[in-house]
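Structural characterization, general
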Amino acid sequence: MNKFLKEQTKKLEKLVDLEKKRQFSTINLIASENFCSEEICKLTGSCLTNKYAEGYPNKRYYGGCEYIDEIETMAIELAKKLFNAEYANVQPHSGSQANEVIYFAFLEKNDTILAMDLNSGGHLSHGYKLNISGKNYNFIHYHVNKETYLLDYDEILNLALKHKPKIILAGASAYSRAIDFSKFREICDKVGAYLHIDMAHISGLVCTNNHPHIFPYADFVTTTTHKTLRGPRSGLILAKEKYKKSINRSLFPGIQGGPLEHVIAAKAQCFIEALDPKFKNYIDQVILNAKAVAKRFLELNYYVLTNGTDNHIINIDILKSKNITGLKAQTILEKTGIILNKNVIPFESLSANETSGIRIGTPFMTTMGWKEKDFIKAVNLIDKILSCEPNEEQINNFKKEVKKLLSNKK
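Below, the structure is looked at part by part.

What counts and what doesn't
Residues numbered from 1 in each chain as written. Predicted model: local features only at pLDDT ≥ 70, side-chain atom pairs only at ≥ 80, totals over all residues. Heavy atoms only, no water. Helix = DSSP H or I, 4+ residues; strand = E, 2+ residues; numbered from the N terminus. Buried < 20%, exposed > 50% of the residue type's maximum accessible area, 1.4 Å probe, protein only. Contact = heavy atoms within 4.5 Å. Areas by Shrake-Rupley, 256 points an atom, 1.4 Å probe, with all protein chains shown as cover. Lys, Arg positive; Asp, Glu negative; His and termini not counted. Charge placed at Lys NZ, Arg CZ, Asp CG, Glu CD. Pairing = 2+ DSSP bridges. Polar contact = N/O pair within 3.5 Å; in protein donor to acceptor, adjacent residues only side chain to side chain. Core = buried A, V, L, I, M, F, W, Y, C linked by side-chain atoms within 4.5 Å. 1 Å grid on protein atoms, 1.4 Å probe; cavity = no way out; pocket = protein on both sides within 12 Å on 5 of 7 lines; lining within 4 Å. Points joined across faces, edges and corners; volume = space filled by probe spheres on them. Nonpolar A, V, L, I, M, F, W, Y, C, P; charged D, E, K, R; others polar. Axes fitted to C-alpha atoms, helices over the stretch in contact; angles between N-to-C directions. Parallel < 35°, antiparallel > 145°, perpendicular 65-115°, else oblique. Phe/Tyr/Trp six-rings, centres within 6.5 Å; stacked < 30°, edge-to-face > 60°.

Let's talk about the overall build of the protein chain
Counting its secondary structure elements, the protein chain contains 16 helices and 15 strands. Seen through its C-alpha atoms, the protein chain measures out along the principal axes to roughly 65 × 60 × 45 Å. Looking at the 410 residues of the protein chain, the share that counts as buried comes to 56%. Sequence separation of 24 or more characterises 73% of the internal contacts of the protein chain that already satisfy a separation of 6 or more. Here the protein chain has roughly 18,900 Å² of accessible surface; of this, 52% comes from carbon and sulfur atoms. Taken as two groups, the 55 positive and 45 negative side-chain charges of the protein chain have centres that lie 3 Å from each other.

Considerations on the pairing of strand 7 (residues 167-170)
The side-chain alternation of strand 7 yields two buried faces, one formed by I167 and L169 and the other by I168 and A170. As judged from the four bridges shared by strand 7 and strand 8 (residues 194-198), these two strands associate in the parallel manner. Across the sheet, I167 pairs through a bridge with Y194, a residue of strand 8.

Comments concerning the side chain of T222
In this structure, T222 sits in strand 9 (residues 220-224). The class of T222 is buried, set by a relative accessible area of 0%. Here the side chain of T222 touches N99 through a polar contact of 2.6 Å, side chain to side chain. If sequence neighbours within four positions are ignored, T222 has contacts with A98, N99, I102, H196, I197, D198, M199, A200, L236 and I237.

A closer look at the side chain of R185
Locating R185 in the fold gives a position in helix 7 (residues 181-191). Looking at R185, the relative accessible area reads 13%, which means it is buried. Residues within four places of R185 in sequence aside, it is in contact with A193, L195, Y217, A218 and D219.

Focus: the nonpolar core
By size, the foremost hydrophobic cluster in this structure holds 60 residues, and its most contacted members are F83, F184, I214 and L238. The contacts of I214, once residues within four sequence positions are left out, are F83, F181, I197, M199, V206, V221 and L238. Of all hydrophobic cores here, the second largest spans 34 residues; its members include F297, M368, W370 and L405.

Some remarks on empty space enclosed by the protein
If a probe as big as a water molecule is rolled over the atoms, it shows which places are left empty. In total, this model carries five cavities of 30 Å³ or more according to the counting rule given. The computed volume of the largest cavity comes to approximately 80 Å³. For the largest cavity, the lining is made up of 13 residues, of which A172, Y175, I179, I202 and N311 are closest to its centre. Grouping the constituent residues of the lining of the largest cavity by class yields seven nonpolar, four polar and two charged.

A word on the sheet that holds strand 4 (residues 87-89)
Taken together, the seven strands give an open sheet; going across it, the order is 4-10-9-8-7-5-6, and neighbouring strands pair in mixed fashion. Pairing within the sheet leaves two strands with one partner each, and these edge strands are strand 4 and strand 6 (138-142). Put simply, the sheet's adjacent strands are angled 20° from each other on average, direction ignored. Helix 4 (residues 95-106) rests against strand 5 (112-116), strand 6, strand 7, strand 8, strand 9 and strand 10 (235-239) of the sheet, and its axis sits at about 160° to strand 9. Across the face of the sheet, helix 6 (residues 153-163) comes into contact with strand 5, strand 6 and strand 7 while running at roughly 155° to strand 6.

A few points about the packing of helix 15 (residues 372-386) against helix 16 (residues 392-406)
Here helix 15 crosses helix 16 at 175°, and the two axes come no closer than 11 Å. Considered as vectors, helix 15 and helix 16 are oriented roughly antiparallel to each other. Note on element contacts: helix 16 touches helix 15 through F398, E401, V402 and L405, opposite K377, A378, L381, K384 and I385. Looking at the contact of helix 15 with helix 16 residue by residue, the classes come out as six nonpolar, no polar and three charged.

What to know about the environment of S46
Take S46: it is sitting in the loop between helix 2 (38-44) and strand 2 (55-56). Residue class for S46 comes out buried when judged on its relative accessible area of 17%. It is 9.6 Å that separates the C-alpha atoms of S46 and E261, two residues lying 215 residues apart in sequence. Separated by 2.8 Å, the side chain of S46 and the backbone oxygen of L43 make a polar contact.

Quick notes on the sheet that holds strand 12 (residues 313-317)
Strand order in the open sheet made by the four strands is 11-12-15-14, with antiparallel pairing throughout. The sheet terminates laterally at strand 11 (303-304) and strand 14 (341-343), the two strands that pair on one side only. Of the strand pairs in this sheet, strand 11 and strand 12 are connected by two bridges, and their pairing is antiparallel. Among the inter-strand pairings, Y303 is bridged to a residue of strand 12, identified as D317. Contacting strand 11, strand 12 and strand 15 (357-361), helix 11 (residues 277-299) crosses the sheet at an angle of about 20° to strand 12. Sheet strands touched by helix 13 (residues 326-336): strand 14 and strand 15. Its angle to strand 14, the strand with the most contacts, is close to 175°.

Considerations on the packing of aromatic side chains
Enumeration over the complete set of coordinates arrives at 18 aromatic pairs. Here F24 and F35 contribute two aromatic rings whose centre-to-centre distance is 5.1 Å and whose plane-to-plane angle is 80°, an arrangement assigned as edge-to-face. Within this pair, whereas F24 is found in helix 1 (residues 2-24), its partner F35 is found in the loop between strand 1 (27-28) and helix 2, the two being separated by 11 residues in sequence. Ring centres 5.9 Å apart and planes at 50° place the aromatic pair Y142 and F184 in the tilted group. With Y142 in strand 6 and F184 in helix 7, this pair connects stretches of sequence that are 42 residues apart. Classification of Y142 as buried rests on a relative accessible area of 1%.

Structure below.
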């Protein structure tokens, strides 16, 4: 048994090393991934993971929380400063759980929420039928325009007037244009609904004023901290102060028990880094890179949804562009060392396992030091790969080209 356990430990260590090698030896174009700092990694793996701290600072159900309270309070104050928020809760384990906290705090079962359709760019936690959100609440979904693939605010207003939702949810996981939160606020005011903004993908752009801000429009805001914000994998809730009691009770003891204080410390470090003026420079480059990617794909006659991007995401109908599915494109590219994800597109004709689209993002490789010219070279290589059915010899040659492109990483 002792030998077996040692072997398993070595196997685990090897797998972690292999994953680290994979991250440094591939071109990562997944829009929801990033590369966090060494400081954040250290805090996530620190001794703080040993401490149980149910409750909130100065109101714990366990002793020995003197320093934990200071760390969590620090994270809260930094989050409030970063997003100009009245209130912050740094305990959610993920963006999906943060969303569930809001639903649980302000709705009764089967109450109505108006949110973006999954195929139009919404998220599973925005009422997908197989998700707990879709099972517990009555979600009505708005869509993008069939011709422009842009948000149709007239449709959103009409649906709101018809269904009288208690919450209107603004935010997406695959939408490449700026969202007008002021229009959502106007619609909410007309029907007496709360405005819930899920800024999981654009939080890094919001805090650097590269996207229209969330306040004063939102009642409450949820986000992840690991995408454009470049922090640990976790969640965050922001809101107006008057909602503090309801949200705190909904999260604990309503949905979660003990918070992950090691991750909360890593979030504090994430907020410190995002408050640094250098982070603004980083996000500026993320957007410049995304625009360069979209432009080059358009020049190569790819069907880029909305004909461009305002953020870090580029959505492509690869079925129309190359007559291959998103799954096939993802699989072929991964063999060569280019990582992206298949993605459903508005008015999808294929299954979610195949998809007509792919989604590309620029945060990860921008963190690794890439500029526009590097991304343009990557797009040219992607086009070359997807324009043929590469055999084993061609795949090996493409791997060499990927390795050459990666030589410009930090």
